[in-house]
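# Overview (structure and organization)
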2 protein chains.
Amino acid sequence: MTGLGTETGRVYLIGAGPGDPKLLTLRAAEALAASDVVVYDYLVNPEVLIHTRRDAELIYAGKRAGEESLSQSAINLLLIEHANRGRVVARLKGGDPFIFGRGGEEAEALVEAGVRWEVIPGISSGVAAAAYAGIPLTHRGYASSVAFITGREADGNSSTGVDLRAAAHADTLVIFMCGGTIARIASELIAIGRPASTPIAIIRWGTYQHQEVFSGALEDIACDADSPVELKIKPPAIAIVGDVVSLQEKLRWFGEESLRHSLPGSAGVSPAPHGVLV
Amino acid sequence: MTGLGTETGRVYLIGAGPGDPKLLTLRAAEALAASDVVVYDYLVNPEVLIHTRRDAELIYAGKRAGEESLSQSAINLLLIEHANRGRVVARLKGGDPFIFGRGGEEAEALVEAGVRWEVIPGISSGVAAAAYAGIPLTHRGYASSVAFITGREADGNSSTGVDLRAAAHADTLVIFMCGGTIARIASELIAIGRPASTPIAIIRWGTYQHQEVFSGALEDIACDADSPVELKIKPPAIAIVGDVVSLQEKLRWFGEESLRHSLPGSAGVSPAPHGVLV
């Protein structure tokens, strides 16, 4: 990234990291400061925009779950057009652009249009949410493998759907965007052979001051598509499954006590905590 | 991290990220600047130490593959003793502390000793090496799951050994610390059912200017423990396995052409490239 800002017409695909705006990289902050145009998603903490220039054009691209302010192809076009007009463009995405960020698709579009680009990795939201909840994703004697999957399309059999089976047996599972599907995913994991007692933590707004953690076991929430009652968690939510989850009892260091809940099926819980839609 | 540096006696477990020193987070830079003592590993780029104070005590903890300048228990003691003397201690590790970084073990030791601590996630070396090689770890139509494993103990059946089977079927596999074992891992992956033609890229010194990438298919390097000849790659090396690896043909944007090699078994290659010990 030598000559940042001295050459024109290029796109930086930037990972903004998770909620904590201090988890932005130095390189991302530099690229933002050099950019004429910044296209950012819903899951980017707006505090990150403090690194942009006063005269930069800021464009909100949406992508809130269920909503899509700008379609993917509209975003691609936007990046290409601004770069072709000689502008330095920052494409700012939550987490890491190449882990469930569709950054690869945008890179392909830029390559096809002949636009100069580079990628600036970000702290993955799943990694950071676990760390702030006191959960090491790998840990001697607990987990020597970790898999990342998405819960978004786990209910369908479409070609873009998640094949849980492929990754379900990694020691630790990190399930992105799982608020609406986590109960069925839990059920499926048990059906595939994960013990029903496997610990799970569901983390909302990971690394934000208002980070919320729901803890229990797969069996506490498991239900299939026919169940009359299904636990859903409001997005943004990421789940961690595996024995390492139990380490949070010892290693939690961040977040408010009042925002730590047991999952509905767990012993000692009766009222549905805030954020749980049953 | 309010009051950074105004309170004494604490440890920051910090991920220094991969080689590119600009991939350090703002939070890590702040914590380094507030630290009286900095304990850093071999895989931390020394350029990151520019953020430390002039009067900070810098302690090299080693951990080069095969060597261990300080044992894990000695490191734990060091952190605890300095914190107990009221010092702010930065424990700086390559990549992310909670992904094959043994950060969880150090956190446990700190908790047991009653030392205040927090973790500052870093860009995982596997994620960054892939990004700088032009490989999105997930990509629509190519990969909707990615698993991280370590190649360090894949040759043993010890309780800390890697169970390849658990994660081998994730669409994308990222294999950390695999220089000495990648040939046998490739063989095992084929035995488990991954097609022999599955693309693999082995990345040395990922994100450094001298990043080196070896590309081919599993069958190009697969060999078992009895093979008279075995490909080994000098550390530090990380491998990416899966269809997404083929995207680098289109998406590579970083690194020197002269440092991109085909693996020995690939068509058109005869001399063993630099860095390969056959």
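These notes cover the structure that comes with them. Since the structure is predicted, the reported quantities are computational estimates derived from the model, not experimental observations.

### Considerations on the overall build of chain A
For chain A, the count of helices and strands is eight helices and 13 strands. Considering chain A as a whole, with its 278 residues, one finds that 60% of them fall into the buried category. Considering only contacts in chain A between residues 6 or more positions apart, those separated by 24 or more positions represent 72%. On chain A, roughly 10500 Å² of surface is accessible, and the fraction owed to carbon and sulfur atoms is 49%.

### Overview of helix H2 (residues 72–84) of chain A
Note on helix geometry: an α-helix contains 3.6 residues per turn, so any two residues three or four positions apart are oriented the same way. Residues and elements named next belong to chain A. Taking 1.5 Å as the rise per residue, H2 with 13 residues should run 18 Å; its terminal C-alpha atoms sit 18 Å apart, in good agreement. Among the residues of H2, those classed as buried are Gln72, Ile75, Asn76, Leu78, Leu79, Ile80, His82 and Ala83. Looking at the residues trailing H2, positive phi occurs at Gly86, about 85°.

### Considering the sheet that holds strand E5 (residues 116–120) of chain A
All names here are of chain A. Here five strands make up an open sheet; going across it, the order is E3-E2-E4-E1-E5 and the pairing parallel. Two strands bound the open sheet, and with one partner strand each, they are strand E3 (57–62) and E5. Neighbour to neighbour, the strand axes of the sheet diverge by 15° on average, direction disregarded. On top of the sheet, helix H1 (residues 26–33) reaches strand E1 (10–15), strand E2 (37–41), strand E4 (88–93) and E5; it is set at about 140° to E1, its chief contact. Across the sheet, helix H3 (residues 103–112) touches E1, E4 and E5, and the angle it forms with E1 is around 175°.

### Considerations on the side chain of Asp96 of chain A
If you trace the backbone, Asp96 of chain A turns up in the loop between E4 and H3. Polar side-chain contacts of Asp96 of chain A include one of 3.1 Å to the backbone nitrogen of Gly122 of chain A. Non-local contacts of Asp96 of chain A, meaning those with residues more than four positions away in its chain, are made with Gly15, Gly101, Pro121, Gly122, Ile123 and Ser124 of chain A together with Val127 of chain B.

### A word on the pairing of strand E1 (residues 10–15) of chain B
Residues and elements named next belong to chain B. Within E1, six of the six residues are buried, which leaves the element mostly enclosed by the surrounding structure. Residue alternation in E1 divides its side chains into two sets, Arg10, Tyr12 and Ile14 and Val11, Leu13 and Gly15, and both sets are buried. Note: E1 against strand E4 (residues 88–93), six bridges, orientation parallel. Pairing of Ile14 across the sheet is with Leu92, part of E4. The pairing of E1 with strand E5 (residues 116–120) spans five bridges and is parallel. Paired with Arg10 across the two strands is Arg116, which belongs to E5.

### Quick look at the interface of chain B and chain A
Taken residue by residue, the interface counts 59 residues in chain B and 59 residues in chain A. Summed over both partners, the interface of chain B with chain A buries about 5000 Å², with 65% contributed by carbon and sulfur atoms. Of all residues in chain B, the largest losses of buried area upon contact with chain A belong to Leu26, Phe98 and Arg140 of chain B, amounting jointly to 13% of the total for that side. Put simply, chain B and chain A have 10 salt bridges between them.

### Things to note about the sheet that holds strand E7 (residues 172–176) of chain B
Reading across the sheet, the 12 strands line up as E12(A)-E9(A)-E8(A)-E11(A)-E7(A)-E6(A)-E6(B)-E7(B)-E11(B)-E8(B)-E9(B)-E12(B) and stay open at both edges, with mixed pairing between neighbours. The open sheet has two edge strands with one neighbour each: strand E12 (260–262) of chain A together with strand E12 (260–262) of chain B. Each neighbouring strand pair of the sheet contributes to a mean axis angle of 20°, computed without reference to strand direction. The pairing of strand E6 (residues 145–150) of chain B with E7 of chain B spans five bridges and is classified as parallel. If you follow Val146 of chain B over to E7 of chain B, its bridge partner there is Thr172 of chain B. Helix-sheet contacts for helix H4 (residues 125–132) of chain A involve strand E6 (145–150), strand E7 (172–176), strand E8 (199–204) and strand E11 (237–241) of chain A, and the interaxial angle to E11 of chain A is about 70°. With respect to the sheet, helix H4 (residues 125–132) of chain B is in contact with E6, E7, strand E8 (199–204) and strand E11 (237–241) of chain B, its orientation differing from that of E11 of chain B by roughly 70°.

### Focus on the relation of the copies chain B and chain A
With an RMSD of 0.0 Å, the fit of chain B onto chain A corresponds to turning through 180° and sliding 0.0 Å along the axis. Taken together, these values place the two copies in the relation of a two-fold axis. Residue by residue, 100% of the interface of chain B is reproduced at the interface of chain A, so both copies engage with the same surface.

### Brief notes about the packing of helix H2 (residues 72–84) of chain B against helix H3 (residues 103–112) of chain B
Residue and element names in this part refer to chain B. Relative to each other, H2 and H3 sit at 45°, their axes nearing to 10 Å. Classified by the interaxial angle, the pair formed by H2 and H3 is oblique. Between H2 and H3 lies a crossing of right-handed hand. Listed contacts from H3 to Gln72, Ile75, Asn76, Leu79 and Ile80 of H2 are Glu105, Glu106, Ala109 and Leu110. In the contact of H2 with H3, the residues fall into five nonpolar, two polar and two charged.

Rules used in this analysis
Residues numbered from 1 in each chain as written. Chains lettered and ligands numbered in written order. Predicted model: local features only at pLDDT ≥ 70, side-chain atom pairs only at ≥ 80, totals over all residues. Heavy atoms only, no water. Helix = DSSP H or I, 4+ residues; strand = E, 2+ residues; numbered from the N terminus. Buried < 20%, exposed > 50% of the residue type's maximum accessible area, 1.4 Å probe, protein only. Contact = heavy atoms within 4.5 Å. Areas by Shrake-Rupley, 256 points an atom, 1.4 Å probe, with all protein chains shown as cover. Expected span 1.5 Å × (residues − 1). Pairing = 2+ DSSP bridges. Axes fitted to C-alpha atoms, helices over the stretch in contact; angles between N-to-C directions. Polar contact = N/O pair within 3.5 Å; in protein donor to acceptor, adjacent residues only side chain to side chain. Buried area = accessible area lost by both parts, 1.4 Å probe. Salt bridge = Lys/Arg side-chain N within 4 Å of Asp/Glu carboxyl O. Least-squares fit on C-alpha atoms with pLDDT ≥ 70 in both. Parallel < 35°, antiparallel > 145°, perpendicular 65-115°, else oblique. Left-handed = near helix turned anticlockwise from the far one by under 90°. Nonpolar A, V, L, I, M, F, W, Y, C, P; charged D, E, K, R; others polar.

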